[in-house]
Amino acid sequence: MSIEVASGKGRADENFPVGSWLIAPRQRPHVHAYYGFARAIDDIADNIVLTPAAKIARLDAMESVLLTGGAAHAGLAPSEQEHALRLRASLAATGVDPRTATDLIVAFRQDAVKPRYQSWQELADYCRYSACPVGRYLLALHGEPGEATRASSDALCSALQVLNHLQDCADDLAALDRCYIPEPWLAAEGLGVDALRGPRAPAGLRRVFDRLLGEVATLNRAAASLPARIADRRMRLEAAVIVGVSHRLAARLARKDPLAARVRLRKPDLVLCLLGAVPTWRRA
């Protein structure tokens, strides 16, 4: 029997423009195929009905369909199988390495069994699989080689992932009993994860949030050079907008309390990010 529970999240909930008009029209269907697969496996990991073992079995099935195709898989909902087959066809057409998708599955398997983190390094290692593959996929799709380019992209994707963890810290704990904030950082302030259940962040928790934002600032500095490293004009503009998004969201989280209300950017913020990215478009 297949149990399908959608997270309710969509492109509008992401911290970056998913397959936006900035991406060349010929590439958008491939980006949408990748996003659809990523959303489907994320929904499996966040399913509140499935056991950890059932989640992993379902993720394994998604990987099998992605890599081998084949007949309908009894453990998957038809829509899940469709996402896997669609991305399989897209990867075959574009020549992008399937690891940009299977690495995501590594992260979501971890989500199924690991509800707590003990260090910044553990969280960074998680981002290596949960976030960095997205940037690497987009670079590969646009024919953007180079280790320095990938390193800058990894930094940007990791920054956005940590910002998302901060945005959703209360909801993740309440709905999934999952906390990405390193427990020793909370303990150093005399707190436990239950501090995230309150209506507002106490002073010690605010210091923990700011510590995470300090790590994000380091990542954002490493990501700043990404647009200049990208040759494709449209992808360069997209990257510059996302760099701006990361900086603006970090600044907002430094001012706002994610326990009091979800902290997010609005349309005017995205317009300002786009305007700030215009000089990258003009570059020859």
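Look a little higher up for the structure.
Bear in mind that the values here come from a model prediction, so they are computed numbers and not experimental data. (Residues numbered from 1 in each chain as written. Predicted model: local features only at pLDDT ≥ 70, side-chain atom pairs only at ≥ 80, totals over all residues. Heavy atoms only, no water.)

This part covers the pattern of salt bridges. Following the criterion strictly, the structure yields 20 salt bridges and no others. Residue Asp154 is joined to Arg136 by a salt bridge in which the shortest nitrogen-to-oxygen separation is 2.6 Å. Residue Asp154 is found in helix H7 (residues 147–167), and its partner Arg136 is found in helix H6 (residues 132–141); the two are separated by 18 residues along the sequence. The partner of Arg248 in a salt bridge is Asp269, and the shortest N-O contact between them spans 3.1 Å. A residue pair is termed long-range when its members are at least 10 positions apart, and Arg248 in helix H12 (residues 233–255) and Asp269 in helix H13 (residues 267–282) qualify at 21 residues. Under the relative-accessibility criterion, Arg248 is labelled partly exposed at 32%. (Salt bridge = Lys/Arg side-chain N within 4 Å of Asp/Glu carboxyl O. Helix = DSSP H or I, 4+ residues; strand = E, 2+ residues; numbered from the N terminus. Buried < 20%, exposed > 50% of the residue type's maximum accessible area, 1.4 Å probe, protein only.)

Looking now at the packing of aromatic side chains. Under the counting rule described, the total for this entry stands at five aromatic pairs. Geometrically, the ring pair formed by Tyr34 and Tyr137 is stacked, given 4.1 Å between the ring centres and 10 degrees between the ring planes. Of this pair, Tyr34 sits in helix H1 (residues 28–45) while Tyr137 is found in helix H6, placing the two residues 103 residues apart along the sequence. The class of Tyr137 is buried, set by a relative accessible area of 1%. Aromatic ring contacts, followed pair by pair, group Tyr117, Tyr126 and Tyr180 into a single cluster. Its guanidinium or amino end placed over the ring of Tyr117, Lys114 lies 4.9 Å from that ring's centre, counting from NZ or CZ. If you follow Arg128 out to its NZ or CZ, it ends over the ring of Tyr129, 5.0 Å from the centre. (Phe/Tyr/Trp six-rings, centres within 6.5 Å; stacked < 30°, edge-to-face > 60°. Lys NZ or Arg CZ within 6 Å of the ring centre and 35° of its normal.)

Tracing the sequence through the fold places His30 in helix H1. Side chain to side chain, His30 and Ser90 meet in a polar contact 2.7 Å long. Excluding residues within four positions of it along the chain, His30 makes contact with Ser90, Ala93, Thr94, Tyr137 and Leu141. (Polar contact = N/O pair within 3.5 Å; in protein donor to acceptor, adjacent residues only side chain to side chain. Contact = heavy atoms within 4.5 Å.)

What follows deals with the nonpolar core. Within soluble globular proteins, side chains that are nonpolar tend to cluster in buried spots. Ranked by internal contacts, the top residues of the largest apolar core, which has 80 residues, are Phe37, Ile181, Leu196, Leu205 and Phe209. The leading source of residues in this core is H12, at eleven residues. Those residues in contact with Leu196 that sit more than four places away from it in its chain are Cys169, Ala170, Leu173, Cys179, Ile181, Leu205, Phe209 and Leu259. (Core = buried A, V, L, I, M, F, W, Y, C linked by side-chain atoms within 4.5 Å.)

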